[in-house]
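Take a look at the letters that make up each chain.
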Amino acid sequence: MTLTARNPGDQDPETDAVLDALASAFTGPDGRPVPVERRLLSADRIAGLRGDGDGVLVVDDAALAAQFPGATAALVVLDREHQRGTALITHDPVGRTHVVAAEAVGAATGGLRRAVAALTAEAAVIDALQSVGRQLTAQLDIDTLVQDATDAATTAVGAAFGAFFYNLINQFGESYTLYTLSGVPREAFSRFPMPRNTEVFAPTFDGTGTLRSDDITADRRFGHNAPYHGMPEGHLPVRSYLAVSVISPSNGEVLGGFFFGHPERSRFTARHEGLAEGIAGYSAIALDNARLYERERNFTRELSRNMLPEAPPVPGLDLVTRYLPAARGPNIGGDWFDVIRLDGGATAFVIGDVVGHGVPAATIMGQVRTAVRSYALLGLAPSEVLRRVAALLDGFIDSTFVTCFYAVHAPGDELVFANAGHLPALLRHADGTTEQLGDAIAQPLGVGTEFPERTAAFPPGTDLLLYTDGLVESRSRDVTQGMEWLRTAFADLPRPLTSDACDGLVAALTGASTTTMSRSSTCTARAGGRRETRAEGDRLPRRDVGDGGAADRPAPGPGAVGRRHPALAGSAGGRRARGLRGHGQRRRARLPRWGRRTAGGHRALRGRRADGDRRGPGPVEDAGPDRDDARARPDDDRRPVRRQRDPAPRGRHDGHDAFRARVVVTGR
Amino acid sequence: MTEPERPGQGPLDDEPEGSVSVDQVPEGVVLAVAGPLDLALAASLRRSVERATRLRPGLLVIDLSGVTFLASVGMAELVRANRQAGETTVRVVASGRIVLRPLELTRLTDELAIHATLADALAAR
């Protein structure tokens, strides 16, 4: 704010009147007015003038000779901030009338000028405070916020250095204290412990009031505490001291405190104190906002993290899963995936997406996921699982729907699936060709009621990719194009797949349209906002893998996702099917849970098995006792006996089966 | 066709965040949606649908010709409009894969009465 923003010569009427009056006060010895010249002076010239007077300078003889050669007398009327002035100069002999007039004017306007000066300063303070406040309260990033606040406050109070100690609460609810500094390098304080709640610091930490001292070393509260009794050795010298609490406007909690120091005494005035308190007030609001925002984000992050399953290890399958949050917006959503180990060695893969965002979508997702799991564990066929979930949803979702791809990998290299309006899965065959599974075969849950089933061969060496729309869809890329890109990228992935290759796929697909957003998402990841799981099924040592032949290599599926969306990929390792059927004994020994089968577990699969003579090789151990199978329902027909009827289904598996047999035999 | 034709009906057609304009025509009400039909615009579409159905028109046409991105939340609104319309016949104008492909993938093409142009939708019997 400035009151001097006029052009030279553009004096306000009051100043003109003063100038006129003073000019007429220049009188000669005879009492008659003398000619008076007016001259505008720049700030530079005013600085060179010395003289008496307040608002009106009576130029002394030395200055007169230097500045106005030949003049006999001069007055300078200063403007309100002494930025410029107008000189009244005469070259005639004069008496002292003008001096008397100047003193009278000075005396008359002095109070006013001081009031204006004070108001101007006050306005500048309010301006500064307001701009700091606007800046601070718009900031949600705590690190930036506290540093900005410290810098602004340190500058505003004219401190040699300032510090802001503030409390934060971590994700476990524990409070901890951090600090920022301004005016000094961090090293200046790094050797010292955090300040304790000593008598000097107590008012600030306890939030009982501002402490301002002209010389803190002279304060009665100073220097009572061991070990330092004052400031630690090497501490920056502090005489003038000002400390202000930062108190949460929402709950009165002391969030932190500003501490300012200066090596000279009496540097901080009441105005500085007011400024510091003002900035502390804004900082409190800003910190409150930032903490609430952070809490909200943690909440949603934890919620989404807890709602997502870990993909369990599945013998014979390599699984790679990725779940990445949206780069912006709520850190939670309706996307989910699941890998469910079913009785009888089958595995269900689920991927789905609840329409909508944020916590509402996430809570529906949690329920749908549980419903799918429940029906899955009953061993229902995929179309039946989806049909029942849809019926269930009818009761509690309104104006939303859920897409869901549900596939069961039944023992015997077959994938049985149904798709409720979800994006088609991708299958990469051992020969490198790709295939879309379940493209537009049924409506979403919440809309459709029938979910026809399809089957696909899923022999060893095949990779399956499930994903949600974030991977293929964005505002700048329509889903058709995205799906084509994904299919091409999936086909080009190395074989066997690596986890890195899957990450590369995700980056390539999501980065193309949202480069900067992806980067920020990566940063968030370090803060724990991104979930990544990788589950690998029962991996055998590499040499064993080699024995299995090319078709038998374990190929971890790609996992990928953009935005918040999960992708889930599984690939059939040759061992899986064989492991289930042919090597159950050995595997059960390693993974006791795995062999627990119930009759129900196979209801959904039995029909399919009937047509699948190609399934299940008949290695030796199939004939062996199967304790888990013995617990199964007597009429359960998925039996070693049945499997023994199967010839080795494909020539290329022969080596693998032999290998299996050998392993099992050795195991015994 | 990748670039949908923009009807230029909405006063805010060029707004990046999209718009829904409501036009009363002799056949009923036309809601012209332009821009990305995502979470933000879906809410706006819902309000417009509710407003339009209060007029109890014989026909409600949701014209998606100007839609540049069809999110699932937008599709959910279409289904909702279709199911809650009561006596009102709901038709959707959609052409171009940007809009059609998502509708096909979810087979909402079976649920919704979809027409290639606004004229078709208004003229259909």
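Residues numbered from 1 in each chain as written. Chains lettered and ligands numbered in written order. Predicted model: local features only at pLDDT ≥ 70, side-chain atom pairs only at ≥ 80, totals over all residues.

Colleague: Can you help me understand the interface of chain B and chain A in this one?
Modeller: Often the size quoted for an interface is simply the accessible area lost on bringing the parts together. In this assembly, 19 residues from chain B lie in contact with 21 residues from chain A. Elements with a contribution of two residues or more to the side of chain B that touches chain A: helix H2 (72–84), helix H3 (97–105) and helix H4 (108–111) of chain B. (Contact = placed C-beta atoms within 7 Å. Helix = DSSP H or I, 4+ residues; strand = E, 2+ residues; numbered from the N terminus.)

Colleague: Help me understand helix H10 (residues 382–394) of chain A, please; the structure alone is not making it clear to me.
Modeller: Since the α-helix advances by 3.6 residues per turn, residues separated by three or four positions end up pointing in the same direction. With 13 residues, H10(A) extends 18 Å between its outermost C-alpha atoms, agreeing within 8% with the 18 Å of an ideal straight helix rising 1.5 Å per residue. Those residues of H10(A) that sit buried are Pro382(A), Ser383(A), Val385(A), Leu386(A), Arg387(A), Val389(A), Ala390(A) and Leu393(A). (Expected span 1.5 Å × (residues − 1). Buried ≥ 20, exposed ≤ 12 C-beta atoms within 10 Å, placed from the backbone.)

Colleague: Help me out: how do you make sense of the sheet that holds strand E7 (residues 175–182) of chain A in this one?
Modeller: Across a sheet, paired strands are connected by hydrogen bonds in the backbone, their directions being either parallel or antiparallel. Residues and elements named next belong to chain A. Spatially, E7-E6-E10-E9-E8 is the arrangement adopted by the five strands of the open sheet, whose pairing is antiparallel. The sheet is open, and its two edges are formed by E7 and strand E8 (211–213), each paired on a single side. Strand-to-strand twist across the sheet, computed as the mean angle between neighbouring axes with direction ignored, equals 15°. Inspection of the sheet shows strand E6 (residues 161–169) paired to E7 by eight bridges, in the antiparallel sense. The partner of Ala 163 across the bridge, within E7, is Leu 181. Sheet strands touched by helix H5 (residues 142–157): E6, E7, strand E9 (240–247) and strand E10 (254–262). Its angle to E6, the strand with the most contacts, is close to 150°. (Pairing = 2+ DSSP bridges. Axes fitted to C-alpha atoms, helices over the stretch in contact; angles between N-to-C directions.)

Colleague: Is there a simple way to think about unusual backbone geometry in this case?
Modeller: Residues and elements named next belong to chain A. Here the residue pair Arg 495 and Pro 496 is connected by a cis peptide bond, since its omega of 0° sits within 30 degrees of zero. For Ser 266, which is not glycine, the phi dihedral falls at a positive 55°. Positionally, Ser 266 belongs in the loop between E10 and helix H8 (270–307). Even without a glycine there, the phi angle at Ala 440 is positive, about 55°. Tracing the sequence through the fold places Ala 440 in the loop between strand E17 (434–437) and strand E18 (453–457).

Colleague: Is there a simple way to explain the nonpolar core in this structure?
Modeller: One broad rule of soluble globular proteins: the nonpolar side chains tend to lie buried together. Formed by 116 residues in total, the largest nonpolar core has its most connected members in Leu386(A), Tyr406(A), Ala407(A), Val33(B) and Ile62(B). If one sorts the elements of this core by residue count, helix H9 (residues 358–377) of chain A sits on top with eight residues. With near-sequence residues (within four places) excluded, Val33(B) lies in contact with Val20(B), Leu41(B), Leu45(B), Ile62(B), Asp63(B), Leu64(B), Gly66(B) and Val67(B). Judged by nonpolar contacts, the second largest core, of 40 residues, contains Ala163(A), Leu181(A), Leu211(A) and Phe259(A). (Core = buried A, V, L, I, M, F, W, Y, C linked by C-beta atoms within 7 Å.)

Colleague: What exactly am I supposed to notice about the sheet that holds strand E2 (residues 28–37) of chain B here?
Modeller: Residue and element names in this part refer to chain B. In spatial order, the strands read E1-E2-E3-E4-E5; together these five strands make up an open sheet with mixed pairing. With partners counted over all chains shown, the strands left at the sheet margins are strand E1 (19–25) and strand E5 (114–115), one partner each. Note that E2 and strand E3 (residues 59–70) share eight bridges and pair parallel. Residue pairing for E3: Leu 37 is matched across the bridge by Leu 70. Along the sheet face, helix H1 (residues 39–54) touches E1, E2 and E3 and points at about 175° away from the line of E2.

Colleague: Got a minute to help me understand the confidence of the model for chain A in this structure?
Modeller: The share of residues in chain A with pLDDT of 70 or more is 71%, and the mean pLDDT across the chain is 72. Counting contacts from residues 512–567 of chain A, a segment whose pLDDT is below 50, to residues more than four positions away or on other chains yields 181 contacts. (pLDDT = per-residue confidence, 0-100.)

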